[in-house]
Number of protein chains: 2
Amino acid sequence: MSASRIVYLNGEFLPFEQAKVPIMDRGFLFADGIYEVSAILDGRLVDNAAHLARLDRSLGEIGIRNPHDSAEWERLQTELVQRNGVTEGLVYMQVTRGVAERDFAYPSADTPPTVMMFTQAKTVAANPLAEKGARVITVEDLRWKRRDIKSVALLAQVLAKQQAVEAGVSEAWMVEDGAITEGSSSTAFIVSRDRKLVTRPLSTALLPGITRASVLKLAAEADLTIEERLIPVAEALDAAEAFYTSASAFVMPVVEIDGRAIGEGKPGPLTKRLRELYLDLARAG
Amino acid sequence: MSASRIVYLNGEFLPFEQAKVPIMDRGFLFADGIYEVSAILDGRLVDNAAHLARLDRSLGEIGIRNPHDSAEWERLQTELVQRNGVTEGLVYMQVTRGVAERDFAYPSADTPPTVMMFTQAKTVAANPLAEKGARVITVEDLRWKRRDIKSVALLAQVLAKQQAVEAGVSEAWMVEDGAITEGSSSTAFIVSRDRKLVTRPLSTALLPGITRASVLKLAAEADLTIEERLIPVAEALDAAEAFYTSASAFVMPVVEIDGRAIGEGKPGPLTKRLRELYLDLARAG
């Protein structure tokens, strides 16, 4: 939170310290809002068109008008990234249903949505965790039934991530009916012993990951066949390799699940290959 | 939102227009917070000790330190109610995990929680809807699995209530596995044809309603036997009477569910008796 940081709020670029929302913002009272995160690499936005398309889709699913078309969003994102001089990190975007006297039902249709963006400068490509590999735990998936909507109603994910932190690991994979749904802020993948790249098929049970989609497109280049199906926890523990994907983790090798080493207990070769391929793609723009 | 309205934010009583929270408040970014609502009748708080006990319990369940003991909460509530001259309506309280750079995991333990309160002046006792009776629809219960925690992650409830509004009715009763869990902002009750007062037993599937508990204590005075069990939708449609309870609706007669008249299609006599008993209790303090 440096003093010079600039954020975007409702049409204005303003110093971080001045960026505040009224207590009656529906994002604050009801988690009535949507967010997205795009990575920044070499000063450029990664997979951004897909993030903006998902933002539009999430907003539509809960009936919030998208305040900007994709070109305008990208113009605003780019200006924010440039004003902050961020060459590597991420840009966060949030849209809520706006400010109105507290009432569960939607306010009048002319209520302007709240639009907020900020950047975080951080190392995302040369991330030491990707060299060492991440450890994960499994936790119960407590979330609601519309996880395909990227809403700010993230309390279940907060509790899951905190369990991971308290266990001294990097991520929590959420489990429902004995199968892994996804990570608290990532998509879960395994590489099976017969060289299949396995991840859960899209449904309302999980977020349609943008990095997930890109990695699936790269599977053939890594000589992997794709299987979209449920992953039982027992199968994950016995996988040849495992990893998770997200906008900021890219492809993150998993070397341990619930204290059990995965494969050789170090980042797997196919996972490393996928990470390289993804970084090449991200850098190519 | 009158110009003279005073709200409470982090130790200060200040004009409504000045009450703003930083964009990094975890309530705004993650729905990482808890709320409560107490009714005000004849200038006094109704069932307030129970609301404050539930606030404390909810905060504990998600590991947020309760910033005040009950005596201090009540002192602050009372001062706010008096400053606004509210004799009938409600006081809303919200506590979030505070302000910190965005990261799913909890911020450092010394991060001060955000504490916010406001009042709404409204007619709660002589509510015309209670004379006429409310109509409700049933909707799918989309919520997470810890509904016993009164968190601000309310997007599912917002969507449910909006469906009710669009159907031209007052409330949505949420249904899971064929049984009614509760209303979007209320507890569901029926009176069976054999004079049983039926409501769902407490569990993680629903909020432990404060007004629910008070009404159950009054059942004997209305010559009703209590049955805490699941209510299948078909049984609700065929009930002798139905009603819902909440801090601001008190006991609200239901005269129609999914377009089907309940009982005589007007507020039932036992429901009216329970409403009177509850109002007497609330006024007695």
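Check the entry above for the structure.
All values reported here derive from a predicted model rather than from experimental measurement.

Caption draft 1: The arrangement of the side chain of Gln120(A) in detail. Within the secondary structure, Gln120(A) is located in strand E7 (residues 114-121). According to the relative accessible area criterion, Gln120(A) is buried, its value standing at 10%. Polar contacts involving the side chain of Gln120(A) include one to the side chain of Glu101(B), which spans 2.6 Å. Polar contacts involving the side chain of Gln120(A) include one to the main-chain carbonyl oxygen of Arg102(B), which spans 3.1 Å. Excluding residues that lie within four positions of it along the chain, Gln120(A) makes contacts with Arg5(A), Val86(A), Glu88(A), Gly89(A), Leu90(A), Glu101(B) and Arg102(B).

Caption draft 2: The sheet that holds strand E7 (residues 114-121) of chain B, seen in detail. All names here are of chain B. Read across the open sheet, the 6 strands follow the order E2-E1-E7-E6-E4-E5; overall the sheet is antiparallel. Unpaired on one side and paired on the other, strand E2 (12-15) and strand E5 (44-45) mark the two borders of the sheet. Where strand E1 (residues 6-9) lies against E7, 2 bridges are found, and the strand directions are antiparallel. Residue tyrosine 8 lies in a different strand from E7, and its bridge partner there is methionine 117. Sitting on the sheet, helix H3 (residues 70-83) is in contact with E1, E2, strand E4 (33-41), E5, strand E6 (89-96) and E7, with an inclination near 40° to E7.

Caption draft 3: The arrangement of the packing of helix H2 (residues 48-61) of chain B against H3(B) in detail. Residue and element names in this part refer to chain B. Relative to each other, H2 and H3 sit at 120°, their axes nearing to 10 Å. Taken together, H2 and H3 sit at an angle that is classed as oblique. Relative to H3, H2 is oriented so that their crossing is right-handed. Of H3, the residues touching H2 (which contributes Asn48, Leu52 and Leu55) are Ser70, Trp73, Glu74 and Gln77. Across the contact of H2 with H3, the residue classes break down as 3 nonpolar, 3 polar and 1 charged.

About the criteria used
- Residues numbered from 1 in each chain as written.
- Chains lettered and ligands numbered in written order.
- Predicted model: local features only at pLDDT ≥ 70, side-chain atom pairs only at ≥ 80, totals over all residues.
- Heavy atoms only, no water.
- Helix = DSSP H or I, 4+ residues; strand = E, 2+ residues; numbered from the N terminus.
- Buried < 20%, exposed > 50% of the residue type's maximum accessible area, 1.4 Å probe, protein only.
- Polar contact = N/O pair within 3.5 Å; in protein donor to acceptor, adjacent residues only side chain to side chain.
- Contact = heavy atoms within 4.5 Å.
- Pairing = 2+ DSSP bridges.
- Axes fitted to C-alpha atoms, helices over the stretch in contact; angles between N-to-C directions.
- Parallel < 35°, antiparallel > 145°, perpendicular 65-115°, else oblique.
- Left-handed = near helix turned anticlockwise from the far one by under 90°.
- Nonpolar A, V, L, I, M, F, W, Y, C, P; charged D, E, K, R; others polar.

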